[in-house]
Amino acid sequence: MLIRVEDLSFRYSRAKEYSIKNINLKIRKGEFVGILGPSGSGKSTLCLTFNGIIPHSIRGELRGDVYVKGYNTKETSVAKLSTIVGLVLQNPDSQLFNMTVEEEVAFGLENLGLDPEEIKRRIKWALRIAGLEGLENEFPPNLSGGQKQRLAIASVLAMKPEVLVLDEPTSQLDPLGREQVLSLITLLNKEQGITIVLVEHNTEYILSFADRVVVLDKGEIVLEGKPKNVFEEVELLQNLGIRLPASVRISHKLKKKGLLERSALSERELINKLKSIMKI
Ligand SMILES: Nc1ncnc2c1ncn2[C@@H]1O[C@H](COP(=O)(O)OP(=O)(O)OP(=O)(O)O)[C@@H](O)[C@H]1O
């Protein structure tokens, strides 16, 4: 088990209410876990507990425990936890502060005390995977939104974490940037075997690529399971304001009319089901 969250609740110092409540969650090696939930449901707060930013840098009242590869995050430094759990945030601009792409990736590595040859190897590897080869000397603010977010991912990736936690990494990007970042996340999970925890509003993507989905509401887990089962709970998800994939919405209407038994998980599956209903 890579991450084990046990009866976790957290209240920010100045807040009256707990932002997450009694969370129990296990994340296994190699898994791809999608996190959904309305605004303010505690998704970011939960992400910040995975590498110790909560409770070490952001103070408040923490109950319960988070274990990362067996280390209790309360007793382990953020620096140590960051070598296991890499965190990527919503806004790439807030994470980039060096003069060149290469320096950006080198920054975290230099703090790890690695030898210069290893640093060079890792920079090359991370930039290649993130599709940023050839941009080593660019000034990060001149990159496109998608390139900036891929650079933020490359900088975290170069530390060779076992888990990448990404908190709405595509929400500030244009459609092309979004697609590039989501393709990179899929590649990291499926080809590099990196465990992924992703907060993402694109439910089509989550349905296609996540192994498991966790739905939060008011700080609590209200639904958890395989995407195909979670997305059967159409009414609950819609009541939370979660935008559903078209195939799921149309299937739901057909199910209500007694024309389908289970939701189609993709447009292709929906078309095939419709063809068999219409006998064509
Ligand atoms: N630094 C903070 N201090 C006090 N309260 C906070 C702080 N950060 C978040 N909260 C509160 O904690 C609750 C959960 O917020 P959080 O950002 O974790 O939710 P979220 O699901 O990630 O929302 P969004 O989708 O809008 O990013 C909200 O009620 C929010 O107002």
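None of the values given here were measured: they were computed from a predicted structure.

Trainee: Please set out helix 1 (residues 43-50) residue by residue, giving values where relevant.
Mentor: Counting buried positions along helix 1 gives seven out of eight residues, so the element sits mostly inside the fold. Inspection of helix 1 places Lys43, Thr45, Leu46, Cys47, Leu48, Thr49 and Phe50 among the buried residues, and these make up the whole buried set. Within two residues after helix 1, Gly52 carries a phi angle of roughly 85 degrees, on the positive side.

Trainee: Explain the site of the ligand to me, using residue names and the numbers behind them.
Mentor: Around the ligand, the surrounding shell consists of Tyr12, Arg14, Ala15, Ser19, Gly37, Ser39, Gly40, Ser41, Gly42, Lys43, Ser44 and Thr45. Tallying contributions element by element places helix 1 first for the shell around the ligand, with three residues. Tallied by class, residues from the shell around the ligand come to two nonpolar, eight polar and two charged.

Trainee: I'd like a description of the sheet that holds strand 2 (residues 20-27), backed by residues and values.
Mentor: The strand order across the open sheet formed by four strands is 2-1-4-5, and the pairing between neighbours is antiparallel. Of all the strands in the sheet, the pair left with one neighbour each is strand 2 and strand 5 (71-72). Summarising the sheet, strand 1 (residues 3-12) and strand 4 (residues 60-68) pair through eight bridges and their orientation is antiparallel. Directly across from Glu6, in strand 4, lies its bridge partner Asp65. Against the sheet, helix 1 makes contact with strand 1, strand 2 and strand 4, and its axis sits at roughly 120 degrees relative to strand 1, the strand it touches most.

Parameters at a glance
Residues numbered from 1 in each chain as written. Predicted model: local features only at pLDDT ≥ 70, side-chain atom pairs only at ≥ 80, totals over all residues. Buried ≥ 20, exposed ≤ 12 C-beta atoms within 10 Å, placed from the backbone. Helix = DSSP H or I, 4+ residues; strand = E, 2+ residues; numbered from the N terminus. Near = placed C-beta within 6 Å. Nonpolar A, V, L, I, M, F, W, Y, C, P; charged D, E, K, R; others polar. Pairing = 2+ DSSP bridges. Contact = placed C-beta atoms within 7 Å. Axes fitted to C-alpha atoms, helices over the stretch in contact; angles between N-to-C directions.

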